[in-house]
Amino acid sequence: MFKKEITPSPKQKLKSSVQRGLRQSLLTTYPLLTPHIDEILPKKASLSSMKLTDRNTLYVLESEPLFYQQDISSTILPHLKLVHRFPQAFPVIRIDRGAIRFVLSGATLMAPGLTSKGGRLPLDGKLKEGEEMDQGIREDGRWSRELMKGEPVVIVAEGKEEACAVGTLVVGTDEVKAKGKGPVVEDAHFLGDGLWNMATD
């Protein structure tokens, strides 16, 4: 999606009502950001948006990229720079070493990169109501519950500290475990892509 260099449109300041709506949407989608939300989106701060290619919008605080969204109706996804600041706040899957170069070239993430020895898929189990703040990465590198089709996910790589990509699941992680083949994440935002390299000043 962002494989090529991006020339964004000029920044547009967002009305405070739009900022409030975005803040609520973020906390609903990423409940683990709750303790950090005032640091990410200070109440008095002025958030701006930048129109990108393919009907995407990037939300920027001063020159710090925070989130992007394709169409207004779609899920809001974190920019990798925000993921690197708050890595524990986002659902995670781990690819093996062999999948790294494919993900960093913008290829679709396929199931074998997750089901192999170096990959890590989430633990079995669903999120129960009221337990949103109890989810997280376990000691073995697995997320604490299954992730559903359409959920945003951060991709980390075997042997690396920081996340390398962000995207949306095209299948649930339980299906990935059952089938062991097929696409898992398409059109991810990855390290070194046009969105990562874009100037937001």
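Since this is a predicted model, take the numbers as computed values, not measurements. (Residues numbered from 1 in each chain as written. Predicted model: local features only at pLDDT ≥ 70, side-chain atom pairs only at ≥ 80, totals over all residues. Heavy atoms only, no water.)

(A) Representation of the overall build of the chain. In terms of regular secondary structure, the chain is built from seven helices and ten strands. With the C-alpha coordinates of the chain rotated into their principal frame, the extents come out at 45 × 40 × 30 Å. The buried share of the chain, reckoned over its 201 residues, is 48%. Of the contacts made within the chain by residues no fewer than 6 positions apart, 57% connect residues no fewer than 24 positions apart. (Helix = DSSP H or I, 4+ residues; strand = E, 2+ residues; numbered from the N terminus. Buried < 20%, exposed > 50% of the residue type's maximum accessible area, 1.4 Å probe, protein only. Contact = heavy atoms within 4.5 Å.)

(B) Region of the structure containing the nonpolar core. Grouped together as the largest cluster of nonpolar side chains are 61 residues, with contacts concentrated most on Phe67, Ile93 and Ile95. Looking at this core, the element that brings in the most residues is strand 8 (residues 152–157), giving five residues. (Core = buried A, V, L, I, M, F, W, Y, C linked by side-chain atoms within 4.5 Å.)

(C) A look at the sheet that holds strand 5 (residues 76–78). Taken in spatial order, the five strands of this open sheet run 1-2-3-4-5, and their pairing is antiparallel. Where the open sheet ends on each side, the last strands, each with one partner, are strand 1 (12–13) and strand 5. Both strand 1 and strand 2 (residues 47–51) contribute to a ladder of two bridges, which runs antiparallel. Within strand 2, the residue paired with Gln12 across the bridge is Ser49. (Pairing = 2+ DSSP bridges.)

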